[in-house]
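Okay, here's what each chain looks like letter by letter:
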There are 6 protein chains.
Amino acid sequence: MVYLTRKCEFSAAHYYHNPEFSPEENQRIFGKCNNPNGHGHNYTLEVTVKGAVNPRSGFVVDLKDLKDTLESEVLSALDHRFLNKEVPEFRDRIPTTENLAIVIWERLQPKMKVAQLHRVRVYETPDLFVDCYGEK
Amino acid sequence: MVYLTRKCEFSAAHYYHNPEFSPEENQRIFGKCNNPNGHGHNYTLEVTVKGAVNPRSGFVVDLKDLKDTLESEVLSALDHRFLNKEVPEFRDRIPTTENLAIVIWERLQPKMKVAQLHRVRVYETPDLFVDCYGEK
Amino acid sequence: MVYLTRKCEFSAAHYYHNPEFSPEENQRIFGKCNNPNGHGHNYTLEVTVKGAVNPRSGFVVDLKDLKDTLESEVLSALDHRFLNKEVPEFRDRIPTTENLAIVIWERLQPKMKVAQLHRVRVYETPDLFVDCYGEK
Amino acid sequence: MVYLTRKCEFSAAHYYHNPEFSPEENQRIFGKCNNPNGHGHNYTLEVTVKGAVNPRSGFVVDLKDLKDTLESEVLSALDHRFLNKEVPEFRDRIPTTENLAIVIWERLQPKMKVAQLHRVRVYETPDLFVDCYGEK
Amino acid sequence: MVYLTRKCEFSAAHYYHNPEFSPEENQRIFGKCNNPNGHGHNYTLEVTVKGAVNPRSGFVVDLKDLKDTLESEVLSALDHRFLNKEVPEFRDRIPTTENLAIVIWERLQPKMKVAQLHRVRVYETPDLFVDCYGEK
Amino acid sequence: MVYLTRKCEFSAAHYYHNPEFSPEENQRIFGKCNNPNGHGHNYTLEVTVKGAVNPRSGFVVDLKDLKDTLESEVLSALDHRFLNKEVPEFRDRIPTTENLAIVIWERLQPKMKVAQLHRVRVYETPDLFVDCYGEK
């Protein structure tokens, strides 16, 4: 049983705003991130899968399959996008790093076949990251 | 004579579009970056100043002064902004990494007092950066 | 349930010495780190908190609160200090990376409110780090 | 109870090939990695040990001992080697990152004395790494 | 006039050996790198081009063109290769980092159209790199 | 003609204080760095040499020689030291990053044989570094 992690990157814009909050609350809670024009990040995504090593290939998972799944389920939807405007999950969820990690988990988990999804880590900046293990 | 470099970061959204190009040209030349909703980056900025070491302080430049200048001239204008919409220089210039480096040079160069501005480096991603030395 | 990690840095001096050891033992066990003048490091601290995502803010924890707690409980005490001489916990504990991680855990854990402290990681250099989960 | 991690590096050549596969299967499954001349990597190895902090030294493990064990059990065998040709374990196992992590675990685990081996992490590139905890 | 740098990576095997040296000289001069089975590296390549910013696109160079040139002239020849055996320039030159930088310069320089090649930087490891500016 | 750069690290303590300044000036100019107990850093040193590639070895400089020179001239004097107290050059010079770069240049330049010293770069933190080219 080993854990394999693949890292990739995407660039996206977002802003933080809760229409149920007053303008003052939005400003106090979200600060500079509340700017409605949006700002952006180079997000780094680490996806960890867990499984037994196939004795014939030496692989836990076919890396090309994993890459294709990341591309079709995550990167094509998030890369070079304005998250609030273009990603359905963020119509009613604020696109914080926490929610991004959860959304990516929800998109990837049902598509895993050979190996099991173990962890999704999202870096918003090199100094801030969130891990999701699919725990409730 | 030594060269001191200070690194800092800012997050911004942008997109690439030239109104003089046809939609097809904009798409061909700018690809995913042409999405009008915008996307974003964590930009890393390196500012290099050049000068003699003050024998009393051991400094080329007072780091607090340098930080204040970076804050007032660059970061307050660019950080957590949508470059095309909120930064005057990008009303009629495309906010590429090349133009960002030039704009930051133009903003900083007149404010330097003790030391001389030597180089502005802007990383759009860890794999792409532009250097400006103020050469014509 | 997600895990959010915030990274920050501090610079400190220290040396390793146990007054119960002979000079030879101190030298053999601690090597260059036994130099009583002290030497120093840029420490990198990663603090991980664990909790549910607040559906209204999208946050596990208010980042400004977390930053303030790190500042008041850890950085103000350790940054730009000589650990052996200025930090009470190191009057009778050797300021190894192991003990630094434990001390930081002990300082932060009682101050956590909304989220739970999950892990304290301290890098002494990029090639050496210690994790503390508060396990006995 | 804390976890200490030591990072080191080694450079090695390898290629992927299973003699039980047809040439087409080898090519399809292993792609460019199937080139029999071999190619290579700077591998980064992170070894994590777990244990109580010795109250007299402040250490979980003597770092010099750990370094010597890494050198004699792992680096002397793998560094500047062609893995398929020079490392016995890879005579009949494909030297994937997964199998490298397992082989390093198997080499280190029996040699641990004071502290317990907790995790072996091997980076093949900065974007791909495998963790082994010795789980079956 | 600005300088744009693109970073990419390739993995290759090599060894150092001069048939005009005695075995003892080869061993003394090249050490572990003399192992004829070969070892390998993840090389990082930084290519810097210099030019004026096109006022219509905001680009010094079309990044897709640059990427295609890097792919066809450099990466297709060096990536996942054993340099001594598969790259013609290294039939009679030792594939040191110095010579790699020169060979990459020689391959790229004649293919530059819009912008001028300014510098080729090759990292053999994160701690060792060579710059070539095409100086004689 | 190529430029080869070797990176290495050392850990040291220091503080900033000019006895000709009043306590208030020392505090205002040097801030937290004025703490007389000292604090410390992991310094990263990059040494760049310039020269022709030896056609027989493929090297600009013998890396073992370069490493030995760095060890004997720089690291043995600075690593695990309190710079103000243990390094003669800092008896009457403040150990700023600027002065460290100059002192390392002065120590290395006379010892260079085959290749020429081109640049000394010293990082005090990942966000602050100084380059010295030996210019007056």
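As the structure is a computational prediction, the values presented were derived from the model and not from experiment. (Residues numbered from 1 in each chain as written. Chains lettered and ligands numbered in written order. Predicted model: local features only at pLDDT ≥ 70, side-chain atom pairs only at ≥ 80, totals over all residues. Heavy atoms only, no water.)

1. Concerning the overall build of chain A
Line of reasoning, step 1. Counting secondary structure elements, chain A contains 4 helices and 5 strands.
Line of reasoning, step 2. Viewed in the frame of its principal axes, chain A has a C-alpha envelope of about 60 × 30 × 25 Å.
Line of reasoning, step 3. Across the 136 residues that make up chain A, the buried fraction comes to 60%.
Line of reasoning, step 4. Considering only intrachain contacts with a sequence separation of at least 6, the fraction spanning at least 24 residues in chain A is 67%.
Line of reasoning, step 5. Carbon and sulfur atoms provide 48% of the accessible area of chain A, an area that totals close to 5900 Å².
Line of reasoning, step 6. Averaging the positions of the 18 positive and the 20 negative side-chain charges in chain A gives two centres separated by 5 Å. (Helix = DSSP H or I, 4+ residues; strand = E, 2+ residues; numbered from the N terminus. Buried < 20%, exposed > 50% of the residue type's maximum accessible area, 1.4 Å probe, protein only. Contact = heavy atoms within 4.5 Å. Areas by Shrake-Rupley, 256 points an atom, 1.4 Å probe, with all protein chains shown as cover. Lys, Arg positive; Asp, Glu negative; His and termini not counted. Charge placed at Lys NZ, Arg CZ, Asp CG, Glu CD.)

2. A short note on a negative patch on the surface
Line of reasoning, step 1. A cluster of acidic side chains, namely E9(A), D127(B), D127(D) and E9(E), defines a negative patch on the protein surface.
Line of reasoning, step 2. Assignment of secondary structure puts E9(E) in strand β1 (residues 2–14). (Patch = residues over 30% accessible without salt bridge, like charges linked within 9 Å, V, L, I, M, F, W, Y side chains within 5 Å. Salt bridge = Lys/Arg side-chain N within 4 Å of Asp/Glu carboxyl O.)

3. Considerations on the side chain of N84(A)
Line of reasoning, step 1. Note that N84(A) resides in helix α3 (residues 83–86).
Line of reasoning, step 2. For N84(A), the side chain forms a polar contact with the main-chain oxygen of Y15(A), separated by 2.9 Å. (Polar contact = N/O pair within 3.5 Å; in protein donor to acceptor, adjacent residues only side chain to side chain.)

4. Here we look at the interface of chain D and chain C
Line of reasoning, step 1. Between chain D and chain C, the residue contacts involve 16 residues of the former and 21 residues of the latter.
Line of reasoning, step 2. Buried surface at the junction of chain D and chain C, both sides included, amounts to about 1700 Å², of which 55% is carbon and sulfur.
Line of reasoning, step 3. Contact with chain C buries surface across chain D, with Y3(D), R56(D) and F59(D) losing the most and accounting together for 34% of the total.
Line of reasoning, step 4. Linking chain D with chain C are 0 salt bridges.
Line of reasoning, step 5. Linking chain D to chain C there are 8 residue pairs in polar contact (both at pLDDT 80 or more).
Line of reasoning, step 6. Ranked by the residues each element gives to the side of chain D that touches chain C, the list is headed by strand β1 (residues 2–14) of chain D, at 6 residues.
Line of reasoning, step 7. When grouped by side-chain class, the residues that make up the side of chain D that touches chain C number 9 nonpolar, 3 polar and 4 charged. (Buried area = accessible area lost by both parts, 1.4 Å probe. Nonpolar A, V, L, I, M, F, W, Y, C, P; charged D, E, K, R; others polar.)

5. Regarding unusual backbone geometry
Line of reasoning, step 1. Phi angles above zero are rare outside glycine, and H80(D) is one such case at about 60 degrees.
Line of reasoning, step 2. Inspection of the secondary structure assignment puts H80(D) in the loop between α2 (63–78) and β3 (81–82).

6. Concerning the packing of helix α2 (residues 63–78) of chain E against helix α4 (residues 97–108) of chain E
Residue and element names in this part refer to chain E.
Line of reasoning, step 1. Running from N to C, α2 and α4 point in directions that differ by 140 degrees, and their axes come no closer than 10 Å. With respect to α4, the axis of α2 lies oblique. Classified by chirality, the crossing of α4 by α2 is right-handed. Facing α2, whose interface residues are T69, L70, E73, V74, A77 and L78, α4 presents L100, I104, R107 and L108.
Line of reasoning, step 2. For the contact of α2 with α4, the residue count by class is 7 nonpolar, 1 polar and 2 charged. (Axes fitted to C-alpha atoms, helices over the stretch in contact; angles between N-to-C directions. Parallel < 35°, antiparallel > 145°, perpendicular 65-115°, else oblique. Left-handed = near helix turned anticlockwise from the far one by under 90°.)

So yeah, pure geometry; function would need other evidence.
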